[in-house]
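Per-entry structural report
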Amino acid sequence: MTRHALQANWDSVMRNLDENNGMAPVARVGHYNDPDMLEVGNQGLSEVEAKSHFALWNIIMAPLLIGTDVTAMTDEVLAILTADEVLAVNKDTLGKQGVRVSPANTTGSEVWARQMSDRSVVVGLLNRGDSSTNITVTWDMISLPASE
């Protein structure tokens with residue numbers, strides 16, 4: 001569990017993501033780190049930020065507790081929260097939390113990776129900056145398991 005209550009703003013989402021990243025070694029099936037409930041649908045996040053927030057919480061294997069009024073949610077919010085391909089990442093049976101795998105840099109670009117039970121790796125690209133940027137991913141970064 002993170003030390004800060006999550007709020008519907010990008011800085012808060014990023015702070016809890018960073019804090020949760022350090023707790024990845026103790027996460028496993030039945031023992032999940034909790035970066036706090038989802039803020040998707042609450043005023044304060046842009047649509048891009050909400051999509052990123054949801055994708056990252058799935059990569060880090062967070063409990064997906066919806067923190068918005070489900071009776072008033074828009075079609076856009078419902079689409080984010082029910083994206084099957086994103087939810088499949090969270091439901092993977094290996095139970096290994098995804099982590100930041102890129103080195104620190106000044107551009108705000110990050111690579112996140114999570115190993116899956118089928119030996120594949122889910123990769124998330126995060127741009128914390130205010131402008132577009134190129135993000136490079138190498139095979140070494142994502143530690144793709146050798147094929148048998």
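No experiment lies behind these values; they were computed from the predicted model shown. (Residues numbered from 1 in each chain as written. Predicted model: local features only at pLDDT ≥ 70, side-chain atom pairs only at ≥ 80, totals over all residues. Heavy atoms only, no water.)

**Comments concerning the nonpolar core**
Here is the rule we go by: Put simply, buried Ala, Val, Leu, Ile, Met, Phe, Trp, Tyr and Cys residues joined by side-chain atoms within 4.5 Å make one nonpolar core. Each residue's exposure class comes from its accessible area (1.4 Å probe, protein chains only) as a fraction of the maximum for that residue type: buried when under 20%, exposed when over 50%, partly exposed otherwise. Helix numbers and strand numbers start at the N terminus; a helix is a DSSP run of H or I with at least 4 residues, a strand a run of E with at least 2. Two residues form a contact once any of their heavy atoms are found within 4.5 Å.
By size, the foremost hydrophobic cluster in this structure holds 21 residues, and its most contacted members are Leu17 and Trp57. Elements that contribute at least two residues to this core include exactly α1 (10-21), α2 (47-59) and α3 (75-81). Broken down by element, this core gets its largest block of residues, five residues, from α2. Beyond its immediate sequence surroundings of up to four residues, Leu17 is in contact with Leu56, Trp57, Ile60, Trp112, Leu126 and Arg128. Among the nonpolar cores identified, the runner-up in size contains five residues, and Ala113, Val121, Met141 and Ile142 belong to it.

**Remarks on the pairing of strand β2 (residues 109-115)**
The line we're drawing: For two strands to be treated as a pair, DSSP must find at least two bridges joining them.
With six of seven residues buried, β2 is to be regarded as a mostly interior element. Pairing geometry for strand β1 (residues 99-100) and β2, over two bridges, is antiparallel. Across the sheet, Val99 pairs through a bridge with Ala113, a residue of β2. Counting the residues that bridge the hairpin from β2 to strand β3 (residues 121-127) gives five residues, and of these Arg119 lies at a positive phi of roughly 75°.

**Details of α1**
Applicable threshold: Here, expected helix span is obtained from the residue count minus one, scaled by 1.5 Å. The term polar contact refers here to a pair of N or O atoms within 3.5 Å; inside protein, the definition further demands a hydrogen-donor-capable atom paired with an acceptor-capable atom, and it admits residues adjacent in sequence only when both atoms are side-chain atoms.
For α1, spanning 12 residues, the distance from its first C-alpha to its last is 16 Å, which sits close to the expected 16 Å at 1.5 Å a residue. Buried residues dominate α1, accounting for nine of its 12 residues. Within α1, burial applies to Trp10, Ser12, Val13, Met14, Asn16, Leu17, Glu19, Asn20 and Asn21. Along its buried surface, α1 packs onto α2, β1, β2 and β3. Of the residues flanking the start of α1, the one acting as N-cap is Asn9, its side-chain oxygen 3.3 Å from the backbone nitrogen of Asp11.

**Thoughts on the pattern of salt bridges**
What counts, and what does not: Put simply, a salt bridge is a Lys or Arg side-chain nitrogen that is within 4 Å of an Asp or Glu carboxyl oxygen.
Counted under the stated rule, the structure contains five salt bridges. One salt bridge in this structure joins Asp18 and Arg100, with 3.0 Å as the shortest N-O distance. Of the two residues, Asp18 is situated in helix α1 and Arg100 in strand β1; the sequence distance between them amounts to 82 residues. Given the relative accessible area of 31%, Asp18 is considered partly exposed.

By themselves these figures say nothing about function.
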